[in-house]
Amino acid sequence: MIDTKNITILAIESSCDETAAAVVKCGREVLSSVIFSQIDIHQKFGGVVPEVASRNHTIKINDTVKQALEEANTDFNSVDAIAVTYGAGLSGALLVGVSYAKAICYALKKPLIAVNHIKGHIAANFITHKNLKPPFICLVVSGGHTALLEITSYTTHKCLGQTADDAVGEAFDKVSRVLKLGYPGGPIIDKLAKTGNCNIPFPKANLPDFNFSYSGLKTSVVNYVNKAEMKKQSLIIPDICASFQSAAMDILIEKSIKACKHYGYRKLCIAGGVSANTYLRENAQKACLDNNIKLFVPDFKYCTDNAAMIGAQGYYNFIQKDFTPAPLSLTAMPHLKL
Ligand code: KG4
Ligand code: ZN
């Protein structure tokens, strides 16, 4: 009989450009969280190069896992299970983590837990907010996803709406590239926007219900920049950043509050890399206060990709006995749906 109040999970994450490993106890207590970020490597290409990402995961994964075990003062034999991100993400990148986790589980006869990357982002909130429990509404905002979800339990949810085209993080990265600011665009735009004025009327796409669209906003910034360059007008970069950022974020906040009211919730979580955005955090907090809703956001270090969040979600899969039946059968699923 397994004591579910004393479960330690070794978690591995390699879906994009971070090689990460963590040891997490009972979904809430992070004993170690090691992240080797490849941002410096990909920066010169202006974005993530999938083949380069896979190769660097291969180089770094062993040391990253060993460091996580050491920092947690444990070893392979002492952990109860291995959790790994199996999708969504870059195919080759995911395969590195999945193959590594399968090998450990096979050799040590440990249970293998396959974790959906986005479920991990949501679970990052359980690490920061020890008393947070489902159900709640969650706004998921990352480089690949923009969605509003009703989180009905630790392992189940309903999708209330999502983007019809680009993800909001993708729009930040694209705008940053057009303005030649660097990669990843989110943190750079977030910082520059603080010194800018919100004086350019970029369009706020308003799709019905709880759906979103970012391709129009992205194109409108690209057109604005191209027109100015053709006319040899100088660009006020902080103003463009501030105007784009508010057009991108206000609609997310508006619809999140609307979803809470419509479905009768007083708890709103934000998850995914874009939840690190300071404008989003501050303005969502104001809107929540005005509407008597409690806002939950992860600590900054758990907003972007990390393995601790995979260990957190892994625990909830574990107690549901949601193991990969035959560990060697698990494969990476680049297009895994939520
Ligand atoms: O969740 P994440 O680390 O990876 C995915 O699962 O996609 O999210 C990465 C995305 C990138 O698009 C990045 O530009 C964005 O999150 N991001 C931000 C900020 N920090 C990261 N976007 C806006 N403001 C930020 N401070
Ligand atoms: Zn992510």
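Calculation notes
Residues numbered from 1 in each chain as written. Chains lettered and ligands numbered in written order. Predicted model: local features only at pLDDT ≥ 70, side-chain atom pairs only at ≥ 80, totals over all residues. Heavy atoms only, no water. Helix = DSSP H or I, 4+ residues; strand = E, 2+ residues; numbered from the N terminus. Rg over C-alpha atoms; globule rule 2.2 N^0.38 Å. Buried < 20%, exposed > 50% of the residue type's maximum accessible area, 1.4 Å probe, protein only. Contact = heavy atoms within 4.5 Å. Areas by Shrake-Rupley, 256 points an atom, 1.4 Å probe, with all protein chains shown as cover. Phe/Tyr/Trp six-rings, centres within 6.5 Å; stacked < 30°, edge-to-face > 60°. Donors = N, O, S within 2.8 Å, 3.2 Å for Na, K, Ca; no water. Near = heavy atom within 4 Å. Polar contact = N/O pair within 3.5 Å; in protein donor to acceptor, adjacent residues only side chain to side chain.

### What to know about the overall build of the protein chain
1) Next: Across its full length, the protein chain carries 10 helices and 10 strands.
2) Next: Over its C-alpha atoms the protein chain spans a radius of gyration of 20 Å, differing by no more than 12% from the 20 Å that the globule rule assigns to 338 residues.
3) Next: The C-alpha extent of the protein chain, read off along each of the three principal axes, is 65 × 45 × 30 Å.
4) Next: Looking at the protein chain as a whole, 53% of its 338 residues are labelled buried.
5) Next: In the protein chain, the share of contacts with a sequence separation of at least 24, taken over all contacts with a separation of at least 6, comes to 73%.
6) Next: Surface accessibility of the protein chain: about 14900 Å² in total, with carbon and sulfur atoms responsible for 54%.

### Quick word on the packing of aromatic side chains
1) Next: Following the criterion strictly, the structure yields nine aromatic pairs and no others.
2) Next: Aromatic side chains Phe172 and Phe244 sit 4.8 Å apart centroid to centroid with 70° between the ring planes, which places their arrangement in the edge-to-face category. One end of the pair, Phe172, is in helix α5 (residues 168-178); the other, Phe244, is in helix α8 (residues 237-263), and 72 residues separate them in sequence. Accessibility assignment for this pair places Phe172 and Phe244 in one class, buried.

### Description of the coordination of the zinc ion (ligand 2)
1) Next: For the zinc ion (ligand 2), the full set of protein donor atoms is His117 (NE2), His121 (NE2) and Asp305 (OD), and the range of their distances to it is 2.0 to 2.1 Å.
2) Next: Mapped onto the polypeptide sequence, the residues donating to the zinc ion (ligand 2) form the spacing pattern H-x3-H-x183-D. Taken together, the positions of His121 in helix α4 (residues 117-128) and Asp305 in the loop between β10 (294-296) and α10 (308-319) put the pair 184 residues apart, joining distant regions of the chain. Both residues of the pair, His121 and Asp305, belong to the buried class.

### A few points about the site of ligand 1
1) Next: As a matter of local geometry, ligand 1 sits amid 20 residues, with His121, Gly143, Asp173, Asp190 and Gly273 nearest to it.
2) Next: At 3.1 Å, a backbone N or O of Gly169 approaches an oxygen atom of ligand 1.
3) Next: Measuring from an oxygen atom of ligand 1, one finds a backbone N or O atom of Gly186 at 3.0 Å.
4) Next: In isolation ligand 1 exposes 550 Å². Once the protein is present, 88% of that is buried.

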